[in-house]
2 protein chains.
Amino acid sequence: MGRPRARRDQVSIPQVARAAGVSTATAGRALGNYGSVSQQAREKVLSAAAELGYQRNDLARAIITGRSDTIGLVVADIENPFFAAAVRGVSDAARAGGFEVLLSNTDEDPDRERSAVDILLAKQVDGLVVAPTAGSTEHLVRAQRSGCPVVLLDRRLENVELDMVLVDNFRASSAVVAHLAQAGHRRIAMVTGGTRASEPAAPGQRGVSTGRDRVEGFLRGMLDAGIPDPQRYLRTAAGTPEQAHAVTTEMLALPEPPTALFASDSRVALGALRAIREAPLRVPEDISLVAFDDADWTGVVTPSVTVVSQPAQALGYRAGEILIGRIAGSEELPRNELMSTVFIERNSVGPPRAW
Amino acid sequence: MGRPRARRDQVSIPQVARAAGVSTATAGRALGNYGSVSQQAREKVLSAAAELGYQRNDLARAIITGRSDTIGLVVADIENPFFAAAVRGVSDAARAGGFEVLLSNTDEDPDRERSAVDILLAKQVDGLVVAPTAGSTEHLVRAQRSGCPVVLLDRRLENVELDMVLVDNFRASSAVVAHLAQAGHRRIAMVTGGTRASEPAAPGQRGVSTGRDRVEGFLRGMLDAGIPDPQRYLRTAAGTPEQAHAVTTEMLALPEPPTALFASDSRVALGALRAIREAPLRVPEDISLVAFDDADWTGVVTPSVTVVSQPAQALGYRAGEILIGRIAGSEELPRNELMSTVFIERNSVGPPRAW
DNA sequence: TTGTAGGCGTTATCAC
DNA sequence: GTGATAACGCCTACAA
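What you see is a predicted model, and the numbers here were worked out from it, not measured in a lab.

Comments concerning the protein's contact with DNA strand C
No. 1: Among the 25 residues in the neighbourhood of DNA strand C, the closest are listed as Y54 and I64 of chain A together with T26, S36 and S38 of chain B.
No. 2: Considering the 4 Å shell around the protein, atoms of DNA strand C inside it are sugar or phosphate in 64% of instances.
No. 3: Here a phosphate oxygen of DNA strand C and a backbone polar atom of I13 of chain A are 2.7 Å apart.
No. 4: One nitrogen or oxygen atom from the side chain of R29 of chain B is found 2.7 Å from a base nitrogen belonging to DNA strand C.
No. 5: Secondary structure elements with two or more residues in the surface near DNA strand C: α1 (13-20), α2 (24-32) and α4 (58-65) of chain A together with α2 (24-32) and α4 (58-65) of chain B.
No. 6: Taken together, the residues of the surface near DNA strand C break down into 13 nonpolar, 7 polar and 5 charged.

Laid out in structure tokens, this is it:
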């Protein structure tokens, strides 16, 4: 337990000023690099500060200036390699712009997201980068309106005037299906997660936009390929490797199993691949595989996995850049910035096996 | 450019107080949940606050209380899955204790680490979790001495009185060699990174402790197995997948290539594995492989990889817990807390091939 | 329970 | 260029 611990006894500007034999104002100017100070005074102040071990207090400064030089970053789960890279990108942009990053994980829980935003706002972040989970958007709009700019990362939100940095998930997904159909597949499965791990994301229903867009792109691809009953092998309740594993195992046991499988991200692909291995089935002889996200391992498994590569780090960096522009006062109309995915063809797709 | 943007016009406690017809102090008590306020007054204040859109300012509070309810987290690179998991652990512990997390990446650069610590200190973090890179330790000691407790994560530091949460890298490494020797291997390679990507970490020299300990554990294992010239296949300048790839390729081209390879982390393993694939060699028929870190993919490649699993997330969580204890006032002597690794035997180790 | 007054460490203002 | 002094928004006495 222990008592609330006495306040850290920090050396303050008045103390430094006294030691240097100048006024508080002059010491403040020398230490804070603003206004004008004579070379002589500056030196006295600086050496006194060094001697006393002065540490500036950015909080007190932030109260006055109204800027904390800190941005808030809200993501679902930093352990997902996609988000880890995106966080890295935001961090780099922040650093380049002289900002620090306050990080929050939501685990796709709307309540946690809301409360995270509230807390970050109370901590006076100058702006917010959010990969929004499903649910209400009013806390984000409120933040923006209260003067704290918000940039959305990776996931769209409808009916809000916010900057967004995205990827065209719909198009990338339908292209995957086209590729598979081109190879001769008709029984194409898609395994993906919903809003939360437990809630399925049916097309047109709620769930994060990436999930929805990928599903709709999948369905559109199936339609374009003239494949009937496109939902036959669509599984939308598999957001974790474990769920993906279970769902895939179940599909592979079907009398007419799919001949190709499309995984909505690298962790889903991992679960699906494990199920395939355990079946045991060979890729691509028995079943073809395509996944979203060029996770580091996809190039090293045998066979290497054909993927849709997303520029995760660049997405984060760009979101950070745009946010910093807003903080600096940019008043342009909010807009959606689309970054390109790259379809990386490797060795996990082959012609369908005749079951 | 745009001007420095006018200060966000936030509603303050005095304003709420005026609207509610009470004093600043009463409003502050109602809003801050301290002292005592009558039910009636509280309601008036709360509804006035809601009406005006009051947002509390944690910075102003922090100036007074001396506590920011924020901890600083300094790691090398959040994109490394090990650190991503550790960060997640620290985040969870922080959340559980009512703290937010200010995150900094150092890229193993001592200067960036020092400056990160300074900035976090200026932002008045209540404590620091650091995975220290090599270099001086004085900034950490100074932080601790100035009243900001510091807990080291994953990496030891000599001659400092700080809490550390670690794993026994030396023992785990020598056990790996023992396992390999047991399988009959004599030409055992180790591929690992040094301090920075560019600087090799020779035993007994500088470099992060994990690297050093693993190398020394490796050498000890070789010694115990009675293998002469243990440094023959020791490569300490491979911290990235790319470098690991290059170094491994070079070793595999030797007249007498190693028959087993020990990778110091999952990213090194990735690079090494790619080199092995390109050789092309088979695992484990042509070469055996063991790696540190149970990255998600190690179980799904063929063959699955035998690994030393580290409790990355638990390590982070524990570091956070200990730090929060310190912040609460714990005065125990600093100590090293060792968490257990698990040797997970899979299918990447076989008898040596007779080259 | 409530209000007044003062202070936290900084920056902003305005004379000198 | 410099110094006194007033903010910033909040919490903490202390008195009523």
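Having put the structure on the table, let's press on.
Looking at the relation of the copies chain A and chain B
No. 1: Relative to chain B, chain A is turned by 180 degrees and slid 0.0 Å along the rotation axis, the superposed coordinates differing by an RMSD of 0.1 Å. This pairing of chains is accounted for by a two-fold axis.
No. 2: Of the interface residues in chain A, 100% have counterparts in chain B that sit at the interface too, so the contact is made through matching surfaces.

Some thoughts on the sheet that holds strand β6 (residues 188-191) of chain B
All names here are of chain B.
No. 1: The mixed open sheet is built from 6 strands, whose spatial order is β7-β6-β8-β9-β10-β12. Both edges of this open sheet fall to β7 (234-235) and β12 (342-344), since each of them pairs with a single strand only.
No. 2: Note: strand β9 (residues 288-292) against strand β10 (residues 306-309), 3 bridges, orientation parallel. Opposite F292, over in β10, you have V308 as the bridge partner.
No. 3: Sheet contacts for helix α9 (residues 209-224): β6, β7, β8 (260-263) and β9; angle to β6, the most-contacted strand, approximately 175 degrees.

A few points about the interface of chain A and chain B
No. 1: Across the boundary between the two partners, chain A contributes 69 residues, which contact 69 residues of chain B.
No. 2: Here chain A meets chain B over a buried area of about 5,900 Å², counting both sides, of which 46% is carbon and sulfur.
No. 3: Linking chain A with chain B are 4 salt bridges.
No. 4: Between D107 of chain A and R88 of chain B there is a salt bridge, with the nearest N and O atoms lying 2.6 Å from each other.
No. 5: Our count for the contact surface shared by chain A and chain B stands at 18 residue pairs in polar contact (both at pLDDT 80 or more).
No. 6: Elements supplying a minimum of two residues to the side of chain A that touches chain B: α4, α5 (81-97), β2 (100-105), α6 (110-122), α11 (266-278) and α12 (312-327) of chain A.
No. 7: At 7 residues, the largest contribution of residues to the side of chain A that touches chain B is made by α4 of chain A.
No. 8: Its residues placed into classes, the side of chain A that touches chain B shows 28 nonpolar, 17 polar and 24 charged.

A short note on the side chain of D265 of chain A
Residues and elements named next belong to chain A.
No. 1: With respect to the element layout, D265 can be found in the loop between β8 (260-263) and α11.
No. 2: Here D265 sits buried without a salt bridge, and the closest side chain of opposite charge, R214, lies 5.6 Å off (N-O distance).
No. 3: Looking at D265, its side chain comes within polar contact range of the main-chain nitrogen of R267, at 2.7 Å.
No. 4: Contacts of D265, omitting those with residues within four sequence positions, involve F292 and D293.

Structural notes on the packing of aromatic side chains
Two measures describe an aromatic ring pair: the distance that separates the ring centres and the angle between the ring planes.
No. 1: Within this structure, the stated rule accounts for 4 aromatic pairs over all chains.
No. 2: A cation over a ring is seen here: R214 of chain A above F292 of chain A, with NZ or CZ 3.8 Å from the ring centre.

Here we look at the protein's contact with DNA strand D
No. 1: The environment of DNA strand D is formed by 21 residues, the closest being T26, R29, S36 and S38 of chain A together with I64 of chain B.
No. 2: Per the 4 Å cut-off to the protein, sugar and phosphate atoms form 67% of the nearby atoms of DNA strand D.
No. 3: Between DNA strand D and T26 of chain A, the relevant distance is 2.6 Å, taken from a phosphate oxygen to a side-chain nitrogen or oxygen of the residue.
No. 4: One of the side-chain nitrogen or oxygen atoms of Y54 of chain B is found 2.8 Å away from a phosphate oxygen of DNA strand D.

Rules behind the numbers
Residues numbered from 1 in each chain as written. Chains lettered and ligands numbered in written order. Predicted model: local features only at pLDDT ≥ 70, side-chain atom pairs only at ≥ 80, totals over all residues. Heavy atoms only, no water. Near = heavy atom within 4 Å. Polar contact = N/O pair within 3.5 Å; in protein donor to acceptor, adjacent residues only side chain to side chain. Helix = DSSP H or I, 4+ residues; strand = E, 2+ residues; numbered from the N terminus. Nonpolar A, V, L, I, M, F, W, Y, C, P; charged D, E, K, R; others polar. Least-squares fit on C-alpha atoms with pLDDT ≥ 70 in both. Contact = heavy atoms within 4.5 Å. Pairing = 2+ DSSP bridges. Axes fitted to C-alpha atoms, helices over the stretch in contact; angles between N-to-C directions. Buried area = accessible area lost by both parts, 1.4 Å probe. Salt bridge = Lys/Arg side-chain N within 4 Å of Asp/Glu carboxyl O. Buried < 20%, exposed > 50% of the residue type's maximum accessible area, 1.4 Å probe, protein only. Lys, Arg positive; Asp, Glu negative; His and termini not counted. Phe/Tyr/Trp six-rings, centres within 6.5 Å; stacked < 30°, edge-to-face > 60°. Lys NZ or Arg CZ within 6 Å of the ring centre and 35° of its normal.

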